[in-house]
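# Close look at the chain arrangement
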Amino acid sequence: MSDQLLSGKRVLLGVTGGIAAYKAADLCSKLAQAGAQVDVIMTEAATRFVGPLTFSALSGRPARVDMWTAPGGDPIPHVHMAAAADLAIVAPLSANTLAKLALGLADNLLTATLLATEAPLVLAPAMESHMWSNPVTQAHAKTLRKRGAVQVGPGVGRLASSALGAGRMAEPVEILAAARGVLARSGPLAGRRVVVTAGGTQEPLDPVRYITNASSGKMGVALAEAARDLGAEVTLVHAPLAVPGPYGVERVSVRTAIEMRDAVLALAPATDILIGAAAVADFRPADPAAQKIKKTPGQAALTIELVRNPDILAEVAALRAEIGRPAVVVGFAAETQDLLANATAKLAAKRLDMIVANDVTDPGSGFGSDTNQITLLYADGRVEALPLASKGEVAERVLDAAVASMGDGGLAPG
Ligand code: C5P
């Protein structure tokens, strides 16, 4: 996971009374692991579900509850914590605290601190579904959103009452993604649209069989997350993924190369940066059978005719020559031999600004692995070999390079 955004940030984590408070412990741990300094403030009701000690241990800082005791001798902790915060998250947010925030009440340390802070606010409501759907709660939530608070969830699922309904707190990873989105607002890609392709396309032979490849989609997902963390509006156009998709990213799900091409070309005019990380099948069955292909007794072989698929990036290049968009196009070259020669040829043939070359026969690189060793080749001839790193770190480097070439190209906002 990328630490660039959260490392060193002061995050105020408010925890209110609800069974989902136990999940806030996981959120606190994830924030601390990402390098944030987490100041936890609990309401009295929250401590009925999880003890402050849990949060103190996870954050490495004293979790606070009481307005009137002054740990560390600070007589006005709400003022100091409020001023220091880069971001405030309330998870879970009860109906009671939500109403207090909307009205500007300040009757405990958490509400007083939140009233005093100018930090952006991420809210993860969690409550019984009728409390959530109650018009008064809905009106308060709307008021807070209008004031700029980012609301995550609630989702639909099993609630404390064991009923199914809306009111379940968003998952910690989802809240974390929202927090990253808020912190990224002033990033270098704020207001820009980045499209990433990911996964291995599936080319059907018949209704139940298809030709595909070993791409997991990990690199594409990491690139989408890295672009989101730089403030971009991101669309991930993906064939089936073997990994969970990213949060805070728009997703367009496709299956074949032709579907992927159509989705990418439709988005291209509004795209600033396109990164083609998908493993696109070069060929597809010429005539997929309408029914499941049957073997016949004594049949020793089956011949399937394949036809060429469109080259998505080549078609993007043709469009770009006409309309000037996307401003930056980055391709991938996953090779098993002659890495740099093949990558250089593809860079030119597909008229890319940059190509990310990796030798998929290298241990630790390529399909399915969590790491990658890449070389960046630029249209102007520059070559930059990067050390072996996690796919998240590699994605950050690729995005940094794309942002730099965007600057070189003098990209005008679209
Ligand atoms: O030609 P090759 O498949 O090796 O090129 C890889 C790059 O081209 C990747 O960025 C991939 O997403 C893209 N590609 C494409 N359309 C294809 C095949 C590959 O856009 N039909």
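The sections below set out a description of the structure shown in this document. These figures come from a predicted structure and were not determined experimentally. (Residues numbered from 1 in each chain as written. Predicted model: local features only at pLDDT ≥ 70, side-chain atom pairs only at ≥ 80, totals over all residues. Heavy atoms only, no water.)

Let's shift gears to the packing of helix H3 (residues 77-84) against helix H5 (residues 109-116). Closest axis-to-axis distance for the H3/H5 pair is 8 Å, and the angle between their directions is 45 degrees. It follows from the interaxial angle that H3 and H5 lie oblique. Judged by the sense of rotation from one axis to the other, the crossing of H3 with H5 is right-handed. The residues of H5 that touch H3, namely those facing Pro77, His78, Met81 and Ala82, are Leu109, Ala112, Thr113 and Ala116. Looking at the contact of H3 with H5 residue by residue, the classes come out as six nonpolar, two polar and no charged. (Axes fitted to C-alpha atoms, helices over the stretch in contact; angles between N-to-C directions. Helix = DSSP H or I, 4+ residues; strand = E, 2+ residues; numbered from the N terminus. Parallel < 35°, antiparallel > 145°, perpendicular 65-115°, else oblique. Left-handed = near helix turned anticlockwise from the far one by under 90°. Contact = heavy atoms within 4.5 Å. Nonpolar A, V, L, I, M, F, W, Y, C, P; charged D, E, K, R; others polar.)

Moving on, we come to the pairing of strand E1 (residues 10-15). By the criterion of burial, E1 is predominantly enclosed, with five of the six residues buried. Bridging between E1 and strand E2 (residues 37-42) involves six bridges; their strand directions are parallel. The residue of E2 that forms the bridge with Leu12 is Asp39. In terms of strand pairing, E1 meets strand E3 (residues 87-93) through four bridges, oriented parallel. Residue pairing in the sheet places Gly14 in a bridge with Val90 of E3. (Buried < 20%, exposed > 50% of the residue type's maximum accessible area, 1.4 Å probe, protein only. Pairing = 2+ DSSP bridges.)

What follows concerns the pairing of strand E4 (residues 121-125). Of all five residues in E4, five are buried; the element is thus mostly enclosed. When E3 meets E4, the two strands line up parallel, connected through four bridges. Bridge assignment links Ile89 to a residue of E4, and that residue is Val122. In this structure, E4 lies alongside strand E5 (residues 150-151), joined through two bridges in parallel fashion. Along E5, the bridge assignment pairs Leu123 with Gln151.

What follows is about the environment of Leu377. Note on placement: Leu377 falls in strand E19 (residues 375-378). Relative accessible area serves as the criterion here: at 4%, Leu377 is assigned to the buried category. Along the backbone, Leu377 and Ala357 are 20 residues apart, and their C-alpha atoms lie at a distance of 7.5 Å. Contacts of Leu377, omitting those with residues within four sequence positions, involve Leu340, Ala343, Thr344, Leu347, Asp353, Met354, Ile355, Ala357, Arg382 and Val383.

Right, let's talk about the pattern of salt bridges for a bit. Applying the stated criterion to the full structure yields 19 salt bridges. When the shortest N-O distance is used, the salt bridge between Lys30 and Asp26 registers 3.1 Å. Here the residue Lys30 and the residue Asp26 both occupy positions in helix H1 (residues 21-33), the gap between them amounting to four residues, near one helical turn. For Asp370, the salt bridge goes to Lys218, with nearest N and O atoms at 3.0 Å. Residue Asp370 is located in the loop between strand E17 (354-359) and strand E18 (371-372), and its partner Lys218 is located in helix H9 (residues 218-229); the two are separated by 152 residues in the primary sequence. Salt bridges here are not isolated pairs; linked through shared partners, they connect Arg10, Asp39 and Arg61. (Salt bridge = Lys/Arg side-chain N within 4 Å of Asp/Glu carboxyl O.)

Taken together, eight strands build an open sheet; the order of strands is E12-E11-E8-E13-E16-E17-E19-E20 and the sheet is mixed. Unpaired on one side and paired on the other, strand E12 (250-253) and strand E20 (383-385) mark the two borders of the sheet. This sheet shows a mean twist of 15 degrees between the axes of neighbouring strands, independent of strand direction. Bridge count between strand E16 (residues 328-335) and E17: six bridges; the pairing is parallel. Looking at the pairing, Gly331 lines up with Ile355 of E17. Its contacts with the sheet put H9 on strand E8 (193-198), strand E11 (233-238), strand E13 (273-276) and E16, and the angle it makes with E8 is roughly 170 degrees.

With parallel pairing, the five strands of this open sheet are ordered in space as E2-E1-E3-E4-E5. Edge strands, defined here as strands with exactly one partner in the open sheet, are E2 and E5. Each of E3, E4 and E5 touches helix H8 (residues 172-183); the most contacted strand, E3, lies at about 155 degrees to it.

Under the defined criterion, the tally for this structure stands at zero aromatic pairs. Stacked on the ring of Tyr378, the Lys or Arg Arg382 has its end atom at 3.9 Å from the ring centre. (Phe/Tyr/Trp six-rings, centres within 6.5 Å; stacked < 30°, edge-to-face > 60°. Lys NZ or Arg CZ within 6 Å of the ring centre and 35° of its normal.)

Every residue lining the ligand is accounted for by Gly276, Ala278, Val280, Asp282, Pro310, Asp311, Ile312, Leu313, Gly331, Phe332, Lys346 and Lys350. In this structure, Ile312 approaches the ligand through a main-chain N or O atom, which is 2.9 Å from a nitrogen atom. The contact in question runs from an oxygen atom of the ligand to an N or O atom on the backbone of Leu313, over 3.0 Å. In isolation the ligand offers 450 Å² of accessible surface; the protein chains occlude 87% of this area. Where the shell around the ligand is concerned, the elements lending two or more residues are helix H11 (312-323) and E16. When the residues that make up the shell around the ligand are grouped by side-chain class, the tally is six nonpolar, two polar and four charged. (Near = heavy atom within 4 Å. Polar contact = N/O pair within 3.5 Å; in protein donor to acceptor, adjacent residues only side chain to side chain. Areas by Shrake-Rupley, 256 points an atom, 1.4 Å probe, with all protein chains shown as cover.)

Helix length check: helix H7 (residues 135-146), at 12 residues, gives a terminal C-alpha distance of 16 Å against a target of 16 Å (1.5 Å per residue), a fit within 8%. Against the buried residues of H7 lie helix H4 (95-103), E4, helix H6 (129-133) and E5. Once H7 ends, the next one or two residues include Gly148, with phi positive near 105 degrees. (Expected span 1.5 Å × (residues − 1).)

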